[in-house]
Amino acid sequence: DSDTALYNQIDGAAPKYIDRGWVGSVYASYQQGANTVQVAVHDMGSSANAQELYTFDLPISSAQIGNLPNAVVDLGLPNAYVAEAYAGSYCIEVSIDDRSDPALDAVQKFVLATLNHCE
């Protein structure tokens with residue numbers, strides 16, 4: 001919940017969040033077999049700030065998760081999946097260093113489960 005802590009956590013990408021009203025973040029890692037799913041939830045202070053962060057750098061090669069207009073997964077990375085979503089004042093980022101179908105399914109499920117807790 002401090003700018004310094006955010007800089008330490010994400011190594012150089014902090015201005016993207018701070019410039020859009022960042023209040024605080026929570027990070028977690030979940031082991032899935034040999035892979036680790038990384039989850040970050042950022043409190044952006046308002047729904048407008050959360051939506052602005054979400055749209056700031058949407059991936060070019062993305063697909064919606066389910067029928068949700070506020071959740072996408074990046075399909076353009078060679079060795080990973082990264083999903084982004086927002087709900088209320090929160091932005092959610094989920095990643096896994098694997099390009100298998102089970103990895104894609106896991107990332108999408110984590111996003112959906114996290115969205116359910118943020119709304």
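All figures in this text were calculated on a predicted structure; none of them were measured in a lab.

Take His-42: it is sitting in strand S2 (residues 35-43). At 3.0 Å, the side chain of His-42 and the side chain of Glu-93 are in polar contact. With sequence-adjacent residues up to four places away left out, His-42 is seen in contact with Tyr-17, Trp-22, Gly-24, Ser-25, Tyr-27, Ser-89, Tyr-90, Cys-91 and Glu-93.

A few words on the packing of aromatic side chains. Taken as a whole and assessed by the stated rule, the structure comprises 2 aromatic pairs. Both rings, one in Tyr-54 and one in Tyr-86, keep their centres 4.9 Å apart while their planes meet at 55°; by these two values the pair is tilted. One end of the pair, Tyr-54, is in helix H3 (residues 47-56); the other, Tyr-86, is in strand S5 (residues 81-87), and 32 residues separate them in sequence. Side by side, Tyr-54 and Tyr-86 carry an identical accessibility label, which is buried. Directly above the aromatic system of Phe-56 lies the positively charged group of Arg-20, at a separation of 3.7 Å from the ring centroid.

Next up on the list: the environment of Tyr-81. Mapped onto the secondary structure, Tyr-81 falls in strand S5. Its relative accessible area of 5% is what places Tyr-81 among the buried residues. For Tyr-81 and Val-107, which are 26 residues apart along the polypeptide, the C-alpha to C-alpha distance reads 7.2 Å.

The next thing to look at is the environment of Asp-98. With respect to the secondary-structure elements, Asp-98 resides in the loop between strand S6 (90-96) and helix H4 (101-118). Expressed as a C-alpha distance, the spacing of Asp-98 and Leu-77, which sit 21 residues apart in the sequence, is 9.8 Å. Once you skip the residues sitting within four places of it in the chain, Asp-98 turns out to touch Asn-35, Asn-79, Ala-80, Tyr-81 and Ala-103. A polar atom in the side chain of Asp-98 sits 2.9 Å from the side chain of Asn-35. A polar contact of 3.0 Å, which involves the side chain of Asp-98, links it to the side chain of Ser-100.

The rules behind these values
- Counting from 1, residues in each chain are numbered in the order their sequence is written.
- The predicted nature of this model means local features are confined to residues of pLDDT at least 70 and side-chain atom pairs, given and counted, to a pLDDT of 80 or more, with totals for whole chains, interfaces and linings taken over all residues.
- Remark: hydrogens and water are excluded; side-chain values derive from all non-hydrogen atoms of the structure.
- Going along the chain from the N terminus, every DSSP run of H or I of four or more residues is numbered as a helix, and every run of E of two or more is numbered as a strand.
- N or O atoms closer than or at 3.5 Å make up a polar contact, with two conditions inside protein: a donor-capable atom paired with an acceptor-capable one, and, for residues adjacent in sequence, both atoms drawn from side chains.
- Any pair of residues with heavy atoms lying within 4.5 Å of one another is described as a contacting pair.
- The criterion for an aromatic pair is that two Phe, Tyr or Trp rings (for Trp, the six-membered ring) have centres within 6.5 Å, with stacked assigned to planes under 30 degrees apart, edge-to-face to planes over 60 apart and tilted to the rest.
- Think of it in three bands: with a 1.4 Å probe and only protein chains considered, a residue is buried below 20% of the maximum accessible area for its type, exposed above 50%, and partly exposed in between.
- When the NZ atom of lysine or the CZ atom of arginine is within 6 Å of a ring's centre and also within 35 degrees of its normal, the charge is said to sit over that ring.

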